[in-house]
Amino acid sequence: MLRRILSITGKPGLYEIVSQGNRMLVVEELLTKKRMPIHARDKVVSLGDIAMYTEGEDKPLGEILDLVYANAGGEKIDVKAMDNDGLRARFAEILPDFDRDRVYPSDIKKLFSWYNLLLQAGFTKFAEEEAVADAETSEAEENK
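Residues numbered from 1 in each chain as written. Predicted model: local features only at pLDDT ≥ 70, side-chain atom pairs only at ≥ 80, totals over all residues. Heavy atoms only, no water.

J.: Give me the lowdown on the side chain of Asn-116, citing residues and values where you can.
T.: Note that Asn-116 resides in helix α3 (residues 105-120). You can call Asn-116 buried: its relative accessible area is 10%. Among residues more than four places away in sequence, those in contact with Asn-116 are Lys-76, Ile-77 and Val-79. (Helix = DSSP H or I, 4+ residues; strand = E, 2+ residues; numbered from the N terminus. Buried < 20%, exposed > 50% of the residue type's maximum accessible area, 1.4 Å probe, protein only. Contact = heavy atoms within 4.5 Å.)

Below is the structure:
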């Protein structure tokens, strides 16, 4: 699921891939459902490709979003009410072993903002669906 959700540099919000064309993607904004083309010159990152630094192995974004969902009880997180220390403290409750030197408050703020957008768009599971999609992709490749 997270592989189809994109963050586009310079554009607010999150987008879902609708279609692919020659040297462009057609995406749909998650909340407004407004469609637009994204060209090869735009910097696009799939949420499924993002991981965060921890003291051990890097943790995929889907697993972290599931932890945030469990910690917040399925409720939105008020990012604007927190300062940098508040963001770090809240994230430490969720992921105690995050790398405090390499994960900046701006990263945590973006994570919480993405969580709020995904929640508002109706998503409640993140890593599970991703694991199922990865298993289906692997199975399809084996059958070739």
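J.: Lay out the environment of Leu-87 with the relevant residues and their values.
T.: Checked against the element boundaries, Leu-87 lands in helix α2 (residues 84-94). Residue classification places Leu-87 among the buried residues on the basis of a relative accessible area of 3%. Put simply, Leu-87 and Ile-108 are 21 residues apart on the chain and 6.6 Å apart in space, counted from C-alpha to C-alpha. Ignoring any residue separated from it by four or fewer positions in sequence, one finds Leu-87 in contact with Val-79, Met-82, Pro-105, Ile-108, Lys-109 and Phe-112.

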